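Given next are the chains, with one letter for each unit.
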Amino acid sequence: MASLRFKQYAVLASSTIAFTICFMIWMMFAVLGIPIKQHLGLNETEFGILAATPVLSGSLVRVPLGIWTDRFGGRIVLFVLMLTCVPFIFIMQYATAYWQFLAIGLLVGLAGGAFSVGTPYVARWFKPEQQGMAMGVFGAGNAGSSLTKLVAPGIIAIGGWQLVPSVYAGIMLVTAILFWLFSYQDTAHLVRSKASLGAQLALMKNPAVLRYCQYYSVVFGGYVALALWMTKYYVGEYGFDIKHAAFLAACFSLPGGVLRAMGGWLSDRFGPYKVTWGVMWTCWVAFFILSYPQTDFSITTTHGVQSFHIGLSVVPFTLMLFGVGIAMAIGKASVFKFIANEFPDNIGAVSGVVGLAGGMGGFLLPILFGVLLDVTGVRSSAFMLLYGTVCVSLVWMHFSFKPAQGKAALAASKAG
C-alpha cells in the first residue's frame, strides 16, 4: 500500500498536470481565434465574444462541480469531466459558421471547471498549514494558457487551424487516462452534507464570500481576459505575426501560472491579507502606466514647434505585463488561502462560487475589451478598464479589513 506522503504528492502532481491541460484547452481561442476571426471576417466585439465563450460555460459549471467534488470526490469528477470534453474538442474542426464555433466553444469550455474540482480535492490531502502551498502548486496549472500559445501556432503552421482540435482532443484523452492511473481517492475527504444547491449558493450572501468574489474577478478574471486578448493585442499594436505575438503573450501567461505556488507559500507565511493588498497595489500602478495610449503631440516653443511621442515600446510593455502576471499569480493563491482559512468545511462550494465570479470576469472582460476597441479605437482602453476594477478592490479591502485591524490593535494595546 502506498504511503500517505506518496499519495499526497501523486495526487498533487497528477491533478496539476490534468489542470494544466484543461486550462490549455480552455484558452485555445486565444490563438485559434485569430485565424478564425480572419476567416469569418469578425469585428473586435465578435472576436471578444468568441474568445470568451468557453470561459462562460467553464465558469457557470464551477459551482455544481465544486459541490459534486465535496460529495463524490475529486478523482471521479475530474476524470469524467475531462472525458466529456474530448468529443467536443474534436468536432470543432468541422465548424464553418460563427454560431457553430460559439456552440462548440460552450461545450469545450466545460474544461475550465476543473479548477473548482482540483482545488478542494488537492487541499484535503494536506494539513491546513500546507494547503496554501498545495493549492498554489495546483493552481500553477494556469500555465496551460502559455502552453497553448507555444504549441498552437506550430500546429497551425503545420496543418492549419483545423489540426489543432484533433491534437488537443488526443492530448486531453491521454491526460485523463494518466490522471486516473496516478491519482487516489480517500472517502474520509467526502463531505456528507445533504444541503441543496440553493443552500450552497446562499453562501453568496456572506459578505466575505462576495468580497473574495470581487478580488478573484480581478486577479483571475483579469488574468484570463488578458491571456485571451494579448496575442491579438501584439498583432494589432506592434505588428507581429501570430507566432511571435503568441510567444510574447506567453511572457504574461507563464508567470501568471507557474508562480501561483509562490503565492501560496507567501500566504502561508505572511497571511492572505498582506499578500493580496500588495498584489492589488502592484496591479494598480502597472495598469495606470499600461493604460496610456500611443500619443503624438506638438507644442509651440520659443524655438519653434516641437513634436513629442509618448508610449510604451514592445520591450517595456512586455516587462510591465510580465510583472502583472507575477502579481496576479500570487493574488490568485492568496485569495484561496482566505477561503481555506475561513471556510474549511465548505472549501468546494465556496471555491466554486468564487471561481464562478473569477470566470465571469474572464468572460465579460474580453467582450468589453472588444466593445471599447470598436467604440474608441484605442487598444489600451483594455487596461483603462482593468485599472478601474483594481481601484474597486483596493477601496473594498480598505474598508472591509480596517475595522478588524483596529480591534486587533486595541486588543494588543490592552494586553500590553
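For the structure, check the block above.
Residues numbered from 1 in each chain as written. Predicted model: local features only at pLDDT ≥ 70, side-chain atom pairs only at ≥ 80, totals over all residues. Heavy atoms only, no water.

All right, on to the environment of F220 then. Mapped onto the elements of the fold, F220 is located in the loop between α12 (207-219) and α13 (221-238). Measuring from C-alpha to C-alpha, the distance between F220 and M360 comes to 9.7 Å, with 140 residues separating the pair along the chain. Not counting residues up to four positions away in its chain, the partners in contact with F220 are F23, W26, R62, N142, K332, G358 and G359. (Helix = DSSP H or I, 4+ residues; strand = E, 2+ residues; numbered from the N terminus. Contact = heavy atoms within 4.5 Å.)

Within the structure shown, the criterion is met by 4 salt bridges. Across the pair R379 and E237 runs a salt bridge, and its minimum N-O distance is 3.4 Å. Highlighted residues: R379 in the loop between α18 (347-376) and α19 (381-415) and E237 in helix α13, separated in sequence by 142 residues. Look at E237 and you get partly exposed, because its relative accessible area is 23%. In this structure, K337 and D268 form a salt bridge, with 3.0 Å as the shortest nitrogen-oxygen distance. Taken together, the residues K337 in helix α17 (residues 314-342) and D268 in helix α15 (residues 260-270) connect sequence positions 69 residues apart. (Salt bridge = Lys/Arg side-chain N within 4 Å of Asp/Glu carboxyl O. Buried < 20%, exposed > 50% of the residue type's maximum accessible area, 1.4 Å probe, protein only.)

Here the focus is the nonpolar core. Among the nonpolar cores identified, the biggest contains 125 residues, and I25, M172, F287 and F383 are the most heavily contacted of them. Excluding residues that lie within four positions of it along the chain, I25 makes contacts with I89, V108, A111, Y168 and M172. (Core = buried A, V, L, I, M, F, W, Y, C linked by side-chain atoms within 4.5 Å.)

A word on the side chain of D70. For D70, the location among the structural elements is in helix α4 (residues 62-72). At a separation of 2.9 Å, a polar atom in the side chain of D70 contacts the side chain of R124. (Polar contact = N/O pair within 3.5 Å; in protein donor to acceptor, adjacent residues only side chain to side chain.)

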